[in-house]
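# Residue-level structural notes
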Amino acid sequence: MLVLELSNVTDSSEALSQKQPFEQMHFVEEVGLMFELVGLPRMSGRIFGWLLISNPPQQSHGELAEVLQASKGSISTMTRLLIQIGLIERVSLPGERRDYFQIKPNAWSQMTKQRMAQIIAFRQLAEKGLDLIKDMPSPLQQRLQEMRDIHAFLERELPLLDERWELEQKQSMLHKSH
């Protein structure tokens, strides 16, 4: 758990007591739908969507439940899932007894690394399958060969993309500092 020190942060309960603008809540729902498309619960996407645009960026269970009109149990379950997959983190604020959640720094890079592990696992699985049917006619092996080949390709190329991304980020930070 991280401990953050914040200064001049407005009381988020004031901001939450007002109705959220339609555009913000529409964005939150769109993120929820996107998460659902990739096999994650919609509520986890709604939480993530709100944390992407919330001010302050740290939100408590209660604040998330209020703004998203969801039960605290659902918020608790989905924040645990988001922590587990590396997209958010739990933080504590000085002088506060409750925990808060925020987007984890470098969350997207971490997700790419997790995808890489999945890609390797799929390639290895395809190789096992090919080994099982090595004595069968070539056309029967084609599905597994495609599975192996695409994952082997991604296994080679994703680290290069990650390196290019990191270089681009470093260059961008240099330009911003000048």
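Each remark here, short or long, concerns the structure printed above.
The structure displayed is predicted, hence computed values, not measured ones.

## Notes on the overall build of the protein chain
Of the regular secondary structure elements, the protein chain holds 7 helices and 4 strands. Summarising the internal contacts of the protein chain: among those between residues at least 6 apart in sequence, 56% fall at separations of at least 24.

## Details of the packing of helix α6 (residues 107-132) against helix α7 (residues 138-177)
Taken N-terminus to C-terminus, the directions of α6 and α7 make an angle of 155 degrees; their axes are 8 Å apart at the nearest point. Our classification of the angle between α6 and α7 gives roughly antiparallel. Where α6 crosses over α7, the handedness of that crossing is left-handed. For the contact of α6 with α7, the per-class residue count stands at 14 nonpolar, 5 polar and 7 charged.

## A look at a nonpolar patch on the surface
On the surface, Met34, Leu37 and Val38 cluster together into a nonpolar patch covering about 360 Å² of accessible area. Of note, methionine 34 is situated in helix α2 (residues 22-37).

## Overview of the side chain of serine 44
Examined against the element boundaries, serine 44 turns out to sit in helix α3 (residues 42-53). One polar contact links the side chain of serine 44 to the main-chain carbonyl oxygen of proline 41, over a distance of 2.6 Å. The contact partners of serine 44, leaving out residues within four places of it in the chain, are Phe35, Met78, Leu81 and Leu82.

## What about the packing of aromatic side chains?
Per the counting criterion, the structure on display carries 2 aromatic pairs. A centroid spacing of 5.5 Å and a plane angle of 35 degrees characterise the contact between phenylalanine 35 and phenylalanine 48, whose relative ring orientation is tilted. Taken together, the residues span a long stretch of sequence, with phenylalanine 35 in helix α2 and phenylalanine 48 in helix α3 at a distance of 13 residues. As far as the burial class goes, phenylalanine 35 and phenylalanine 48 line up, both buried. Residues phenylalanine 48 and tryptophan 108 carry aromatic rings whose centres are separated by 5.6 Å and whose planes lie at 85 degrees to one another, so their mutual orientation is edge-to-face. Taken together, the residues phenylalanine 48 in helix α3 and tryptophan 108 in helix α6 connect sequence positions 60 residues apart.

So, how was this worked out
- Residues numbered from 1 in each chain as written.
- Predicted model: local features only at pLDDT ≥ 70, side-chain atom pairs only at ≥ 80, totals over all residues.
- Heavy atoms only, no water.
- Helix = DSSP H or I, 4+ residues; strand = E, 2+ residues; numbered from the N terminus.
- Contact = heavy atoms within 4.5 Å.
- Axes fitted to C-alpha atoms, helices over the stretch in contact; angles between N-to-C directions.
- Parallel < 35°, antiparallel > 145°, perpendicular 65-115°, else oblique.
- Left-handed = near helix turned anticlockwise from the far one by under 90°.
- Nonpolar A, V, L, I, M, F, W, Y, C, P; charged D, E, K, R; others polar.
- Patch = residues over 30% accessible without salt bridge, like charges linked within 9 Å, V, L, I, M, F, W, Y side chains within 5 Å.
- Areas by Shrake-Rupley, 256 points an atom, 1.4 Å probe, with all protein chains shown as cover.
- Salt bridge = Lys/Arg side-chain N within 4 Å of Asp/Glu carboxyl O.
- Polar contact = N/O pair within 3.5 Å; in protein donor to acceptor, adjacent residues only side chain to side chain.
- Phe/Tyr/Trp six-rings, centres within 6.5 Å; stacked < 30°, edge-to-face > 60°.
- Buried < 20%, exposed > 50% of the residue type's maximum accessible area, 1.4 Å probe, protein only.

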